[in-house]
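# Working through the structure, step by step
Next come the chains, spelled out residue by residue.
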Amino acid sequence: QVQLVESGGGLVQPGGSLRLSCAASGFSGFTFDYYTIVWFRQTPGLEREGVSCISGSAGRTYYADSVKGRFTISRDNAKNTAYLQMNSLKHEDTAVYYCAAALVWYASNCPSGPNMNYWGKGTLVTVSS
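Because the structure is predicted, anything quoted here is derived from the model rather than measured.

Inspection of the secondary structure assignment puts Ser 88 in the loop between strand S8 (81–86) and strand S9 (95–102). Ser 88 gets classed as partly exposed once you look at its relative accessible area, which sits at 41%. The spacing of Ser 88 and Gly 10 is 78 residues in sequence and 15 Å in space, taken between C-alpha atoms. With residues near it in sequence (within four places) discarded, Ser 88 still touches Gly 15, Gly 16, Ser 17, Arg 70 and Asp 93.

Okay, the nonpolar core next. Ranked by size, the top nonpolar core spans 28 residues in total, and within it Trp 39, Phe 71, Leu 84, Met 86 and Tyr 97 carry the most contacts. Elements supplying a minimum of two residues to this core: strand S3 (18–25), strand S4 (36–42), strand S5 (49–54), strand S7 (71–76), S8, S9 and strand S11 (123–127). Apart from the residues lying within four places of it in its own chain, the contact partners of Tyr 97 are Glu 6, Leu 20, Trp 39, Phe 40, Arg 41, Val 51, Phe 71, Leu 84, Met 86, Gly 122, Thr 123 and Val 125. Counting seven residues, the second largest nonpolar core, distinct from the first, contains Phe 40, Cys 53, Tyr 62 and Met 116.

Turning our attention to the sheet that holds S8. Strand order across the open sheet formed by four strands is S1-S3-S8-S7, with antiparallel pairing between neighbours. The two strands at the open ends of the sheet, each matched to only one other strand, are strand S1 (3–7) and S7. Going across the sheet, the axis of each strand differs from the next one's by a mean of 15 degrees, ignoring polarity. Taken together, the five bridges between S1 and S3 define a ladder with antiparallel strand orientation. Note on S3: the bridge partner recorded for Ser 7 is Ser 21.

Parameters at a glance
- Residues numbered from 1 in each chain as written.
- Predicted model: local features only at pLDDT ≥ 70, side-chain atom pairs only at ≥ 80, totals over all residues.
- Heavy atoms only, no water.
- Helix = DSSP H or I, 4+ residues; strand = E, 2+ residues; numbered from the N terminus.
- Buried < 20%, exposed > 50% of the residue type's maximum accessible area, 1.4 Å probe, protein only.
- Contact = heavy atoms within 4.5 Å.
- Core = buried A, V, L, I, M, F, W, Y, C linked by side-chain atoms within 4.5 Å.
- Pairing = 2+ DSSP bridges.
- Axes fitted to C-alpha atoms, helices over the stretch in contact; angles between N-to-C directions.

Structure (structure tokens):
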């Protein structure tokens, strides 16, 4: 059974950095590199936001305008792990961050939530002074 486990969240001051990891296991039929990985985030009372995504081969990436230039998505398929490096963090980045996997890739944007085959349980990022 496929599992995605996020780690790396915590409390950080504005302007600081965190690196989130998404470790995948239990793939059958397809290997990790077949899957698009998407990072989402959600704050209570607000809509879920797609933050960034990366194609299976890591050849394509996309970022939401709200994080572009500050966040970097990457993956190491040999380790079945994806990452989200978050720099210059702001108060509004506070959220639960989820990684998710899908077997689809769209040329112009990230797959949306309903397209996801698997979800992690999330890791909390709190940006506070």
